[in-house]
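Spelled out from the first residue to the last, the chains are:
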Amino acid sequence: MQEQKEIQVVEFMIKLYCKKKHKCDNLCEQCKELLDYVKERRHKCPFGDNKTFCSNCKIHCYKPSMKEKIRQVMKYSGPRMMIYNPRLAIQHISETIKNKHQQKKEKKQNAKTQK
Ligand SMILES: [Zn+2]
């Protein structure tokens, strides 16, 4: 997934979460920190654009406190994205599915080469 696209999804989720949960129109300090953290981690991700969405990633590179926060955000905003931004949500879902297929394929290929 492209870095820019992924950030777009995450940013949307955090903003939605903050607006509903913290009643902020603009991101509060806490959520801004989370978004900055996500951006930084994503930028440093060793998989680059070839990788899956961070929530599906094999390596969980987030530190525990941030991981917990983003988990909360995803849990809250994930299902709601369909309502507020279906286009982005569908993009994200199709990207996830595509990636799962890809992973399966790779597994099969690995199994073959190991024989
Ligand atoms: Zn907030």
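Residues numbered from 1 in each chain as written. Predicted model: local features only at pLDDT ≥ 70, side-chain atom pairs only at ≥ 80, totals over all residues. Heavy atoms only, no water.

## Digging into the coordination of the zinc ion
Only C18 (SG), H22 (ND1), C28 (SG) and C31 (SG) from the protein reach the zinc ion as donors, at distances of 2.0 to 2.3 Å. Classification of the site at the zinc ion rests on its four donor atoms, whose angles at the metal span 100 to 124 degrees, yielding the label tetrahedral. (Donors = N, O, S within 2.8 Å, 3.2 Å for Na, K, Ca; no water. Tetrahedral: all angles 85-135°; square planar, octahedral: opposite > 155°, others 65-115°.)

## Focus on the nonpolar core
Ranked by size, the top nonpolar core spans 22 residues in total, and within it M13, I14, L34, V38, I70, V73 and M81 carry the most contacts. Those residues in contact with M81 that sit more than four places away from it in its chain are V9, F12, M13, P86, L88 and A89. (Core = buried A, V, L, I, M, F, W, Y, C linked by side-chain atoms within 4.5 Å. Buried < 20%, exposed > 50% of the residue type's maximum accessible area, 1.4 Å probe, protein only. Contact = heavy atoms within 4.5 Å.)

## Focus on the pattern of salt bridges
Going through the model one piece at a time under the given rule, you end up with five salt bridges. Put simply, E6 and R42 hold a salt bridge, and the shortest N to O gap is 3.0 Å. With E6 in helix α1 (residues 3-22) and R42 in helix α2 (residues 29-44), this residue pair connects regions lying 36 residues apart in the sequence. Accessibility expressed as a relative area gives 1% for R42, which makes it buried. A salt bridge links K32 to D36; the shortest N-O distance between them is 3.7 Å. Of the two residues, K32 and D36 both sit in helix α2, four residues apart, roughly one turn of that helix. We classify K32 as partly exposed; its relative accessible area is 41%. (Salt bridge = Lys/Arg side-chain N within 4 Å of Asp/Glu carboxyl O. Helix = DSSP H or I, 4+ residues; strand = E, 2+ residues; numbered from the N terminus.)

## Description of the confidence of the model for the chain
Averaged over every residue, the pLDDT of the chain is 83; the share at 70 or more is 85%. Mean pLDDT across the secondary structure elements of the chain bottoms out at helix α4 (residues 86-114), with 81, and peaks at α2, with 92. (pLDDT = per-residue confidence, 0-100.)

## Describing the packing of α1 against helix α3 (residues 64-84)
At a closest axis distance of 8 Å, the pairing of α1 and α3 adopts a crossing angle of 95 degrees. Viewed along their axes, α1 and α3 adopt a mutual orientation that is roughly perpendicular. Packed against α1, whose contacting residues are V9, V10, F12, M13, I14, L16, Y17, K20 and K21, the element α3 presents I70, Q72, V73, M74, Y76, S77, G78, R80, M81 and Y84 at the interface. Tallied by class, residues from the contact of α1 with α3 come to 13 nonpolar, three polar and three charged. (Axes fitted to C-alpha atoms, helices over the stretch in contact; angles between N-to-C directions. Parallel < 35°, antiparallel > 145°, perpendicular 65-115°, else oblique. Nonpolar A, V, L, I, M, F, W, Y, C, P; charged D, E, K, R; others polar.)

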